[in-house]
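What the coordinates show
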Amino acid sequence: MALVGEALLSGSIKVMCDKIASGQFMDFFRARRLDHSLVDKLKVKLMTLHAVLNDAEEKQIVNRAVGMWLDELKHAVFDAEDLVDEIDTEASRRKAKDQTKKTQVWNFLSTSRKPFNYKGMNGRIEVLFNKLEDLANQKDILGLRGGVVGKVSQRTPTTSVVEDGFCTYGRDGCKEKLKALLLLSDNESSSNFSVVPIVGMGGVGKTTLAQLLYNDEQVKEHFDSNAWVCVSEQYEGLRVIKTLIEEITKKPCDILEMNYLEVQLRQQLMGKRFLLVLDDLWNENYGDWDRLRTLFTYGAKGSKVIVTTRSRRVASIVHNTIPIHDLEKLSDEDCWLLLAKHAFRNENPGAHPDLVEIGKEIACKCDGLPLAAKTLGGLLSCNLDYKEWNHILNSNLWDPPHADSVLPSLRLSYHYLPTYLKRCFAYCSIFSKDYEFEKENVILLWMAEGLVPQAENEKAMEEVGAEKFT
Ligand SMILES: Nc1ncnc2c1ncn2[C@@H]1O[C@H](COP(=O)(O)OP(=O)(O)OP(=O)(O)O)[C@@H](O)[C@H]1O
Ligand SMILES: [Mg+2]
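Structural notes, computed from the coordinates. Fair warning: this is a prediction, and the values are worked out from it, not measured in the lab. (Residues numbered from 1 in each chain as written. Chains lettered and ligands numbered in written order. Predicted model: local features only at pLDDT ≥ 70, side-chain atom pairs only at ≥ 80, totals over all residues. Heavy atoms only, no water.)

**A look at the packing of aromatic side chains**
Remark: the centre distance and the inter-plane angle together describe each pair of aromatic rings, the angle taken between the planes. The following threshold applies: Here a pair means two rings of Phe, Tyr or Trp (six-membered ring of Trp) with centres within 6.5 Å. Their orientation is stacked below 30 degrees between planes, edge-to-face above 60, and tilted elsewhere. Only DSSP runs of H or I covering at least 4 residues are called helices, and only runs of E covering at least 2 are called strands; the numbering of each starts at the N terminus. A simple rule labels every residue: compare its accessible area, found with a 1.4 Å probe on the protein chains alone, to the largest value its type can have, and call it buried under 20%, exposed over 50%, or partly exposed in between.
Counting across every chain of the model gives eight aromatic pairs. A ring pair is formed by phenylalanine 193 and phenylalanine 296, whose centres lie 5.6 Å apart and whose planes are at 85°; its orientation type is edge-to-face. Here phenylalanine 296 lies in helix α13 (residues 286-296) and phenylalanine 193 lies in strand β1 (residues 193-199), a separation of 103 residues in the sequence. Like phenylalanine 193, the residue phenylalanine 296 is buried in the burial classification. On the numbers, 5.6 Å between centres and 80° between planes, the contact of tyrosine 214 with tryptophan 228 is edge-to-face. Here tryptophan 228 lies in strand β2 (residues 225-232) and tyrosine 214 lies in helix α9 (residues 206-214), a separation of 14 residues in the sequence. Accessibility expressed as a relative area gives 8% for tyrosine 214, which makes it buried. Each residue in the set Phe193, Phe274, Trp289 and Phe296 is aromatic and connected to the rest through ring pairs, giving one cluster.

Structure follows, in structure tokens:
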């Protein structure tokens, strides 16, 4: 099943659940004496299935049965979507009739509709519910695990802590280069602090590199104060500053008032050579950055702020004296070492000589992405069997020629995008490969599909859409 399939599926389920829960939907059921509890049950079942989508998306890579289950789910969800749309359109039509009588909207809705079949409705909902229930039972048999409903792709915030003896591959060169920059005293620089921007695609190892630098003994000793904050996609200035204060003072801070927090952070940084890590920054708002930057100027010369981000635009906004560091992919050899470490659970690959060559071939397919190598290694570890590995190597999963297939390495990178961006990204898949689309038109289409969060007015929504585009 296509990568974009899951995102559209997730989006469809979310949109459907919102519609079912809407006042318009409920009013319609109440007024027509239809059984709303049936659609409520349908909604709960959809949400249960939604919760395991992420797990299924990952497991289908090595488990054919999960792929087939996802296909069936896709068909059931599309049927449900048709049904919910039908009801929603009829509900809108009724509402328009009640409110606007003979306006243009009412005329259009009246002439363009198929007659609505109230009688068959309960039966259709029940058939769908039974299908979804079957799929929900199968999910347990397939061992699919759920996250928190509605937050399936939320990741655990990163921290500076790495496991004891954590070993990384292929990063010695860039670690030494960036470490040397961190240790520069910058006496001639006009700014008290320098930003070290690390940019790269999802899963290429930006956070890992930042952890390596942050935990380096020489680096630790060089700075007076250190703090790590995982910013992630929802930028909350208050939380970022509060976390920085707590990290530096090693005490909880309960006062959530911006002015107080800014004064506190300024005091904590004043005259100190600090090292801060802002991990996973997505915010492109220059005003937010400028506010933080102002506080950082109170530190001593030689202070550094490591910023990791997937976005080159974010990197350009934050960078000052040090050039942006583009994090390269790993070599195939390093990918293999990483894959083998997770596949054989630290055991020597020599204990499975039949899997070495084929394992190396699979590692090449990871296209240098450590996240892909690690995830595949973990999945392969469940089945240390040549036939199974060979099946994975030769599966059409890796073939780019299919219009709807995406390399698993990219699939995984995409897998960890925030859900709302996944949906916008997936929507672009409706355009053919060489189609040059206009940004503004895509944003309008996203808005029409309900993929851009509601904003105060149309203009604001367009701006929100434009932010997602970059
Ligand atoms: N050089 C490496 N050696 C071993 N494992 C690595 C290496 N780089 C990354 N990893 C592993 O790959 C996974 C993804 O890496 P990481 O989280 O650093 O990526 P990222 O670039 O920060 O991704 P994102 O953009 O999603 O935040 C992590 O689990 C990490 O342990
Ligand atoms: Mg990261």
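**Structural notes on unusual backbone geometry**
A positive phi angle, close to 60°, is found at serine 232, a residue other than glycine. Within the secondary structure, serine 232 sits in strand β2.

**Things to note about the pattern of salt bridges**
As a reminder of what qualifies: Whenever Lys or Arg places a side-chain nitrogen within 4 Å of a carboxyl oxygen from Asp or Glu, that contact is recorded as a salt bridge.
By the definition in use, this model includes 19 salt bridges. Across the salt bridge formed by aspartate 27 and arginine 30, the nearest N and O atoms sit 3.4 Å from each other. With aspartate 27 and arginine 30 both in helix α2 (residues 23-31), this residue pair falls three residues apart, about one helical turn. Residue aspartate 27 is classed as partly exposed on the basis of its relative accessible area, which comes to 44%. Connected through shared salt-bridge partners, Lys175, Lys179 and Asp216 make up one network.

**Considering the sheet that holds strand β4 (residues 303-309)**
Cut-off, in case you're wondering: Any two strands between which DSSP finds at least two bridges are classified as paired.
Strand order in the open sheet made by the five strands is β2-β3-β4-β1-β5, with parallel pairing throughout. Edge positions in the sheet fall to β2 and β5 (325-326), since each has one partner strand and no second. Across two bridges, the pairing between β1 and β5 is parallel. Bridging across to β5, isoleucine 198 finds its partner in histidine 325.

**Observations regarding α2**
Each turn of an α-helix holds 3.6 residues, which means side chains three or four residues apart point in the same direction. Using the following cut-off: Arc definition: it is the arc formed by the directions from the helix axis to the C-beta atoms.
Those residues of α2 lying buried are Phe25, Phe28 and Phe29. Axial view of α2: buried residues confined to an arc of 95°, hence all on one face. Along α2, the residues that are exposed and aim more than 90 degrees away from the buried face are Arg30 and Ala31. Phi turns positive one or two residues past the end of α2, at arginine 33, with a value near 55°.

**Notes on the site of ligand 1**
Which entries qualify depends on this criterion: A molecule or strand has a residue near it when one of that residue's heavy atoms lies within 4 Å. Distance and chemistry together define a polar contact, namely a pair of N or O atoms within 3.5 Å, with one atom able to donate a hydrogen and the other to accept it when in protein, and with adjacent residues in sequence counting only for side-chain atoms on both sides. Accessible surface area values rest on a Shrake-Rupley calculation with a 1.4 Å probe, where residue burial reflects the displayed protein chains alone. When residue character is reported, Ala, Val, Leu, Ile, Met, Phe, Trp, Tyr, Cys and Pro are called nonpolar, Asp, Glu, Lys and Arg charged, and the others, Gly included, polar.
Looking at ligand 1, there are 19 residues lining it, with Lys206, Thr207, Thr208, Arg310 and Lys374 nearest. A distance of 2.8 Å separates an oxygen atom of ligand 1 from a polar backbone atom of glycine 203. Isolated, ligand 1 exposes 620 Å² of accessible area, and the fraction of that covered by the protein chains is 91%. Of all the secondary-structure elements, those providing two or more residues to the shell around ligand 1 are α9 and α17 (370-380). Along the lines of polarity and charge, the residues of the shell around ligand 1 split into eight nonpolar, six polar and five charged.

**Describing the nonpolar core**
Worth spelling out the cut-off: Among buried residues, those of type Ala, Val, Leu, Ile, Met, Phe, Trp, Tyr and Cys that are joined through side-chain atoms within 4.5 Å constitute a nonpolar core. Segment limits for the domains were obtained from an automatic or database-derived domain assignment. Whether two residues are in contact is decided by their heavy atoms: any pair within 4.5 Å suffices.
Core analysis: the biggest nonpolar cluster contains 43 residues, and Leu182, Ile306, Leu339, Ile362 and Trp389 have the highest contact counts within it. For this core, the element with the most residues is helix α15 (residues 332-343), which contributes six residues. A domain split of this core shows at least three residues from each of domain 2 (172-326) and domain 3 (332-394). Filtering out sequence-adjacent residues up to four positions away, leucine 182 remains in contact with Val196, Leu213, Val219, His222, Phe223, Leu275, Gly302, Lys304 and Ile306. One finds Leu34, Leu42, Ile125 and Leu132 within the second-largest nonpolar core, a separate group that totals 36 residues.

**Concerning the packing of helix α12 (residues 258-269) against α13**
Packed helices, taken two at a time, are described by the angle between their axes plus the distance between the axes. Defined as follows: To obtain each axis, a line is fitted to C-alpha atoms, and for helices this fit is confined to the stretch in contact; angles are then taken between N-to-C directions over 0 to 180 degrees. For this classification, under 35 degrees means roughly parallel, over 145 means roughly antiparallel, 65 to 115 means roughly perpendicular, and everything else is oblique.
One way to put it is that α12 packs onto α13 with a least axis distance of 8 Å and a crossing angle of 40°. As far as their axial angle goes, α13 and α12 are oblique. Facing Met258, Glu262, Leu265, Arg266 and Leu269 of α12, the residues of α13 in contact are Arg291, Leu295 and Phe296. For the contact of α12 with α13, the per-class residue count stands at five nonpolar, no polar and three charged.

Scope: geometric values only; no functional claims are made or implied.
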